[in-house]
Amino acid sequence: MMPLTTGLASGLAPERIVLDNGAVVLVQETTTTPAVTIDATFRSGSAPEPADLPGLAFLTGRVLDRGTERRSADQIAEELDDRGVSLRILTTRHTLGISCTCLVEDFDDILSLVVDVARRPTFPEGEIAKRRAEAITAIRQDDDNPAVRAVEAAFELMYGADHLYARRAKGTSSSLERVDRDAIAAFHRRHIVPAALCLAVVGDVRVQGIVDRAALELSGWDGTHPEPVAVPSPPCPTVRRRRIIGMAGKSQTDIAYGFTTIRRLDPRYYAYWMMNNILGQFGLGGRLAENIRERQGMAYYAFSAFEPNVGEGPLMIRAGVDPANVKRAVEAIDKEVRGLGSEGPTPAEVTETRDYLIGSIPRMFETNQSIAAFLQNCELFGLGLDYDRRLPSLITAVTRDEIATAAAEVLRPESASVAIAGPDEAEG
Amino acid sequence: MALPDTIPARAGIRTAQFGNGLTVLVREVHTAPLVSVWCWYRVGSRDEGPGRTGVSHWVEHMNFKGTVNIPRDEMKGIVERFGGMWNGYTWIDQTTYLETAGRQAVDQMLFIEAERMHNSLYDPVECESERTVIISELQGGENDPEQLLDIEVTATALRVHSYRHPTIGWIDDLRSMTRDDLYGHYRRHYIPNNATLIVVGDVDADEVLGKAEKHFGAIPAGHDVQRLRLSEPPQLGERRVNVEREGTTAYLKLAYHAPAVADPDYFPMLLLDAVLTGAKGLNIWSSFRGAPPQRKARLYTALVERGLASVVGGALLPTAQPFLYTISMTAMNGVDLDALETAAIDVIDKVRAEGVTEQEVSRARRQLLARLVFENDSVTNIAHQLGYFETIAGSGFLDSVPERVAAVTAEHISDAARRRLAPSSRTVGRFIPRAAR
């Protein structure tokens, strides 16, 4: 075998074609393995589901690939299993995506199947009942998971229980019982349409053949896309909010400590991204891990995650600690939040974070799956086909003052939302 | 002094063994400007005796806490400045460390690994601080009922072999071990003649071998390590363990004694697992993170499609010595564990009695061969697989995997099922949720 050659040394070079029905096709050639990733993502997700039916989008996704006008559930199972392919259907706030990886030789058949399940699902009643029962079991597992409970509670505190970002994407046991076939079919008709589709294909393929094949599979499928749901701004916090969730029988306490931040397309995005890297990502977990894990030995994990979205997304700090250490851990988080918020980053932190983020860009393209995810993100937010090449200069342009301003805007312990889930109901 | 190609050349891979015994494998992959470096040690939790469980994993943690030439607070920034990621893991047969970063960071990655091999500090204060970090890691795992059950089932199914204790260790050992225990373990096992260095990515193989020689060549060889070798006696009857704790969901686990990766039964059992629960592949670093193709798998159709379980999965992990084949199930809300267990055992009994069909074998084979492609989709994954199999199975084994999969017949699988899935070889574990008071 010869060394593998050619590829992404100078960045991505995707082709973008818009079909007559509005569907976008993105193709990126790669050569690491004789495999192809197919990622069909619709601008949909849980945001547009009715407020009284949380979980509708999630359950729709679970049943989508369980029977079409052309294939029974059993035939779909056979076609996938015979090729070693597993479909992933992922419902987020603003997207519903169907993705998989297959061998190059199976591409035509699998693309046909992916489009079929998106386009012509029949939602058999028996399949709905089975997937509903699975989803309810998964919800009960979440109820028993301190990490999930703490994060969900923090979202409620940050956004208010009625905000669409505070709703459980899976819904609740009772809401799923109310989701029937009519609701699923109506949701599909309205939101899973070609005008909302971005089909990303990444792998050892040739662009023109892919575009022709995709056009063939998607031809004759029309439908307008409804206006996107407006995401209301979250309430502006004036006081610190806290919730303790007692969970008997657990060994460790999970802390979720969060703030609402900005939208993805806010021009301050890059300053916020760098600020979060310094706070809770760089190395083991930025300043947070340096204090809580490295200096105090209190936690296996302590980090922060910044997730701007169509609406104002969260910056969430997470730590898992011994129940006896909750108060000390929250104080340590307060200290690091206050410190970065009031004094900003050091010049050295700015330099190392800038170098890290720019240097990590090639790693975003290590697998076909990660390239497809990057392209989908570019399409969802309109970042452009040359975004990977522009990204270094966008990061380089951020000044220390801009990061300090971002930190000062959001990192205020007095307005944090703090949720604590663990064995002791009176901790913190 | 480098002695290139003292080991027979393998397709696309440059292999060398240095005078101090360090084996180095380099594969050029020029599809992205990235390089992945892994350093593997033939030491894992199976090498731990009573009172010292968890020492290998704790040592792994300490090897991120500073070296003679890299202060602790600089250790984690070296690769990050090049945009790189780093990590490490300890498991039953091995301990490994990795960095993946841009090609310009190769020298730094090799420098870190050489420092880690010979110059880690084991500052007593850092050892104490890490004790509570690891106990926190253990407690986090205890929050997960499936992990709790897995630990109990493993310790019940294995009575003698040192695979029986969890890699993280038992809590009392973590409380009582000393800095000297850690440092002694480090000095015994972290020697070049007990390690394999893997470099995969956008590199020139000759240049990398030269750099590796510069960083590792002067590290002295150590005394050859005698690994702990314990044999598990035959199991004579079914064993059962129940874990009762507050929770919302019931779980069931079946464990059977499994063959080591080099055993002639391993690949028939791997295909049998594909027939029962869908093919996962052989990359424990990446392949087990998503659901396998399993909708036609026997246990999926019998349990999930019939509404008895929400999830079913099988695990036959490649190990150096005989470990366990486990089948894990999440009971559907409201389903009784007796009903779930009866249905699962019916499937096992049927495959033991009737074997598998040619169609199932053909599907399992195709699934596995496809997964072998999917799990080599990046320099990080390619490097992991090279190092993993070099460490647990020896040179050349990985290259032979597709042929071994292709050679398995329905008769091999049926025979393995009959012998390996006998009731007397089974351990049944149940997690029984108690309502919170």
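For the structure, check the block above.
None of the values given here were measured: they were computed from a predicted structure.

A.B. asks: Before we go on, may I ask you to explain the overall build of chain B in this structure?
C.D. replies: Of regular secondary structure, chain B possesses 15 helices and 12 strands. For a compact globule of 437 residues, the expected C-alpha radius of gyration is about 22 Å, and chain B comes in at 22 Å, within 12% of that figure. Structurally, chain B occupies a C-alpha span of about 60 × 50 × 40 Å along its principal axes. If you take every contact in chain B between residues at least 6 apart in sequence, the share linking residues at least 24 apart comes to 80%.

A.B. asks: Could you clarify how one ought to interpret the interface of chain B and chain A in this entry?
C.D. replies: Many descriptions give the size of an interface as the accessible area lost when the pieces come together. Contacts between the two partners involve 69 residues from chain B, matched on the other side by 71 residues from chain A. When the two sides are added together, the surface that chain B and chain A hide from each other amounts to roughly 5800 Å², 49% of it contributed by carbon and sulfur. On the chain B side of the interface with chain A, the three residues burying the most area are Thr31, Asn143 and Arg295 of chain B, jointly 13% of the side's total. Between chain B and chain A we count 41 residue pairs in polar contact (both at pLDDT 80 or more) in total. Only strand E3 (23-28), strand E5 (85-90), helix H4 (124-142), strand E8 (239-246), helix H10 (298-304), strand E11 (324-331), helix H12 (358-374) and helix H13 (379-392) of chain B provide two or more residues apiece to the side of chain B that touches chain A. Among the residues forming the side of chain B that touches chain A, the class breakdown is 23 nonpolar, 26 polar and 20 charged.

A.B. asks: Explain the packing of aromatic side chains to me, please; I cannot follow it from the model alone.
C.D. replies: Each aromatic ring pair is described using two quantities: the centre-to-centre distance and the angle formed by the ring planes. All names here are of chain B. In the structure shown here, the tally under the stated rule is 33 aromatic pairs over all chains. Taking the centre distance of 6.1 Å and the plane angle of 85 degrees together, the rings of Trp91 and Phe323 count as edge-to-face. A residue pair is termed long-range when its members are at least 10 positions apart, and Trp91 in the loop between E5 and strand E6 (95-102) and Phe323 in the loop between strand E10 (309-316) and E11 qualify at 232 residues. We classify Trp91 as buried; its relative accessible area is 16%.

A.B. asks: Would you mind showing me how to read the sheet that holds strand E9 (residues 251-257) of chain B here?
C.D. replies: In sheet architecture, strand pairing relies on hydrogen bonds along the backbone and comes in two forms, parallel and antiparallel. The strand order E8-E12-E9-E11-E10 (chain B) describes an open sheet built from 5 strands, whose pairing is mixed. Strands with a single pairing partner mark the edges of an open sheet, and in this sheet they are E8 and E10 of chain B. Ignoring strand direction, the axes of neighbouring strands in this sheet form an average angle of 15 degrees. This element, helix H4 (residues 125-143) of chain A, spans E9, E10 and E11 of chain B of the sheet and lies at about 100 degrees to E11 of chain B.

A.B. asks: Where do I start with the environment of Leu87 of chain A in this structure?
C.D. replies: Its location among the elements puts Leu87 of chain A in the loop between helix H2 (73-82) and strand E4 (88-91). Separated by 48 residues in the primary sequence, Leu87 of chain A and Asp39 of chain A place their C-alpha atoms 9.9 Å from one another.

A.B. asks: Looking at this structure, I do not really get the environment of Trp273 of chain A. What am I missing?
C.D. replies: Residues and elements named next belong to chain A. By the secondary structure assignment, Trp273 is in helix H9 (residues 269-280). A relative accessible area of 17% means that Trp273 is categorised as buried. Taking the C-alpha atoms as reference points, Trp273 and Glu49, 224 residues apart in sequence, are found 30 Å from one another. Residues in contact with Trp273, not counting those within four places in the same chain, are Phe306, Leu357, Met364, Leu391 and Ile395.

A.B. asks: Just checking my understanding: could you explain helix H3 (residues 107-119) of chain A for this structure?
C.D. replies: Think of an α-helix as 3.6 residues a turn; residues three or four steps apart then line up on the same face. All names here are of chain A. Between its first and last C-alpha atoms H3 spans 18 Å; for 13 residues at 1.5 Å apiece the expected length is 18 Å, and the two agree. A large share of H3 lies buried, amounting to 11 of its 13 residues. If you check which residues of H3 are buried, you get Phe107, Ile110, Leu111, Ser112, Leu113, Val114, Val115, Asp116, Val117, Ala118 and Arg119.

A.B. asks: Can you help me understand the side chain of Asp82 of chain A in this one?
C.D. replies: For Asp82 of chain A, the position within the fold is in helix H2. You can call Asp82 of chain A buried: its relative accessible area is 18%. Of the polar contacts made by the side chain of Asp82 of chain A, one reaches the side chain of Arg363 of chain B; its length is 2.8 Å.

About the cut-offs
- Residues numbered from 1 in each chain as written.
- Chains lettered and ligands numbered in written order.
- Predicted model: local features only at pLDDT ≥ 70, side-chain atom pairs only at ≥ 80, totals over all residues.
- Heavy atoms only, no water.
- Helix = DSSP H or I, 4+ residues; strand = E, 2+ residues; numbered from the N terminus.
- Rg over C-alpha atoms; globule rule 2.2 N^0.38 Å.
- Contact = heavy atoms within 4.5 Å.
- Buried area = accessible area lost by both parts, 1.4 Å probe.
- Polar contact = N/O pair within 3.5 Å; in protein donor to acceptor, adjacent residues only side chain to side chain.
- Nonpolar A, V, L, I, M, F, W, Y, C, P; charged D, E, K, R; others polar.
- Phe/Tyr/Trp six-rings, centres within 6.5 Å; stacked < 30°, edge-to-face > 60°.
- Buried < 20%, exposed > 50% of the residue type's maximum accessible area, 1.4 Å probe, protein only.
- Pairing = 2+ DSSP bridges.
- Axes fitted to C-alpha atoms, helices over the stretch in contact; angles between N-to-C directions.
- Expected span 1.5 Å × (residues − 1).

Nothing here speaks to function; it is geometry throughout.
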